[in-house]
Amino acid sequence: MTNEAFQPSRRSDVAPFIAMDVLAEAAKLEAGGRSIIHMEVGQPSAPAPRLALEAARKALEHGRLGYTAAAGIQPLRHALAEHYKREYGVEVPSDRIMVTTGSSAGFNLAFLAAFDPGDRIALTAPGYPAYRNILRSLGLIPVEIEVSEETRWCLTPEHIEQALKDGPVRGILVASPANPTGTMMSSDALTELIRFAEAEKIWFISDEIYHGLDYSGDQKSALEISDNAIIINSFSKYYCMTGWRIGWMVLPDQLVRPAERLAQNLYISAPEMSQLAATAALGSVQELEAVKAGYVANRELLLEGLPAIGFDQLLPVDGAFYIYADISRFSDDSLRFARQMLHDAGVAATPGVDFDPVHGHKFLRFSFAGAHENMKEALVRMSNFLSR
Ligand SMILES: Cc1ncc(COP(=O)(O)O)c(C=O)c1O
């Protein structure tokens, strides 16, 4: 056989994270002694809650860490069921809750459990890039629907009706609060879209990874609206545990066993130590609310500071820790602009092209998950950069 015979699969040909180029450049500059303020990273700078760290230490000292049931350890699944009762007033049996290795594994399992190759799944552009890349690698077809100010950057039944004209849609995937926009669907908008999905027999997948990080108090889980919705969540954001790789799903009854069988075969179980730590993290609300108070202060600072220095077209920042800014008055090449800002001002932000191949060249995403002092300094640096 010739070498040409040994080719990677077509489905592995997914897009890279363009933002990684900016990250790599930032790292190079830092290695050369430059001070860089990181507003490109989508993760909390705070450590995991104290109780989670204690639980992990205890597990290391005393525990034999092994495989767990594929669906996760019982105490964590029970604690998550309690979480739904406490936070949302919803009773859900713990056997509908499945622990995953981050929400990323949740997406893979949910897509595999609900869809067959060639199925079309509707999602927003701009949106989190891994959605479309995971879908493509699994032989599914992402139907990216451009959203705008008109619908507050959210999908509506009208969008889906339009997509249905080009062929059946088997799934609708939304995130609220969303990445990169930070916008949230109102309770009415979410209810209307879920009702529409149910009527059309379309799976509804709700990425609730930024729940807890809402600034309007109008946070609703799709689980409050429908038992047929697939809920995906994670300990990565509100709980400050990105590196622990723990997420969870709440599944409709008929998907529980298929997802469990898939998990058993794909990765056996999520890491036991991280599951123990995550269980403890659910009891750390006070500490986590203090972290959130830091985001609230950063958000206020930037919502005033960014327009004052010239970034005056911002999307509504209802939740998460992102600000998506229209930079078209400065540039129509967000990748180049981000590079220039990195080199000249020492501030790293993510170019919109990662999130939206069509309009992303006009946008930058700023993460405000960092320290307040750094946000202040970033504003000074960017002000000098923009006024040159
Ligand atoms: C919207 C959204 N969903 C899912 C993820 C994946 O997170 P994890 O796999 O750490 O749970 C991210 C990460 O940034 C995200 O922004």
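See the structure shown above.
Quick caveat, the model's predicted, so the values are computed rather than measured.

A.B. asks: Can you lay out the pattern of salt bridges for me, pointing to particular residues and giving the numbers?
C.D. replies: Taken as a whole and judged by the stated rule, the model has 16 salt bridges. Shared partners join several salt bridges into a network, and the residues in it are Arg-132, Arg-136 and Glu-144.

A.B. asks: Could you give an account of the site of the ligand, with specific residues and numbers?
C.D. replies: By nearness alone, 14 residues border the ligand, and Ser-104, Asp-207, Tyr-210, Ser-234 and Ser-236 come closest of all. A distance of 2.8 Å separates an oxygen atom of the ligand from a polar atom in the backbone of Ser-103. Between the ligand and Ser-236, the relevant distance is 2.6 Å, taken from an oxygen atom to a side-chain nitrogen or oxygen of the residue. For the ligand, whose accessible area on its own is 400 Å², the fraction buried by protein is 92%.

A.B. asks: An account of the sheet that holds strand E7 (residues 230-234) is requested, with residue identities and associated values reported.
C.D. replies: Backbone-to-backbone hydrogen bonds join strands into a sheet, with any given pair of strands oriented parallel or antiparallel. Read from one edge to the other, the open sheet built from seven strands follows the order E2-E8-E7-E6-E5-E3-E4, with strand pairing classed as mixed. Edge strands, defined here as strands with exactly one partner in the open sheet, are strand E2 (97-100) and strand E4 (141-146). Taking the axes of each pair of neighbouring strands and ignoring which way they run, one obtains an average angle of 20° across the sheet. In terms of strand pairing, strand E3 (residues 120-125) meets E4 through six bridges, oriented parallel. From the neighbouring strand, Thr-124 faces E4, where its bridge partner is Ile-145. Docked against the sheet, helix H4 (residues 102-114) engages E2, strand E5 (171-175), strand E6 (203-207), E7 and strand E8 (247-250), running at close to 160° with respect to E7. Contacts from helix H5 (residues 129-137) reach E3, E4, E5 and E6, with the element oriented near 155° to E4.

A.B. asks: Let's hear about the packing of helix H11 (residues 334-345) against helix H12 (residues 372-386): which residues, and what values?
C.D. replies: Following both chains from N to C, one finds H11 and H12 inclined at 110°, their axes separated by 10 Å at the closest point. Classified by the angle their axes make, H11 and H12 are roughly perpendicular. Crossing handedness for the pair H11 and H12: right-handed. Across from Phe-337, Gln-340, Met-341, Asp-344 and Ala-345 in H11, the residues of H12 making contact are Arg-381, Met-382, Phe-385 and Leu-386. Taken together, the residues of the contact of H11 with H12 break down into six nonpolar, one polar and two charged.

A.B. asks: Before we move on, can you summarise the nonpolar core with the specific residues and values?
C.D. replies: Ranked by size, the top nonpolar core spans 91 residues in total, and within it Phe-204, Phe-235, Phe-311, Met-341, Phe-366 and Met-382 carry the most contacts. The biggest single contributor to this core is H12, with six residues. For Phe-366, the residues in contact, after removing those within four places along its chain, are Met-39, Leu-306, Phe-311, Phe-321, Tyr-322, Ile-323, Ala-325, Met-341, Ala-349 and Met-382. Grouped together as the second largest cluster of nonpolar side chains are 29 residues, Ala-110, Leu-123, Tyr-131 and Ala-263 included.

Quick notes on the rules
Residues numbered from 1 in each chain as written. Predicted model: local features only at pLDDT ≥ 70, side-chain atom pairs only at ≥ 80, totals over all residues. Heavy atoms only, no water. Salt bridge = Lys/Arg side-chain N within 4 Å of Asp/Glu carboxyl O. Near = heavy atom within 4 Å. Polar contact = N/O pair within 3.5 Å; in protein donor to acceptor, adjacent residues only side chain to side chain. Areas by Shrake-Rupley, 256 points an atom, 1.4 Å probe, with all protein chains shown as cover. Pairing = 2+ DSSP bridges. Helix = DSSP H or I, 4+ residues; strand = E, 2+ residues; numbered from the N terminus. Axes fitted to C-alpha atoms, helices over the stretch in contact; angles between N-to-C directions. Contact = heavy atoms within 4.5 Å. Parallel < 35°, antiparallel > 145°, perpendicular 65-115°, else oblique. Left-handed = near helix turned anticlockwise from the far one by under 90°. Nonpolar A, V, L, I, M, F, W, Y, C, P; charged D, E, K, R; others polar. Core = buried A, V, L, I, M, F, W, Y, C linked by side-chain atoms within 4.5 Å. Buried < 20%, exposed > 50% of the residue type's maximum accessible area, 1.4 Å probe, protein only.

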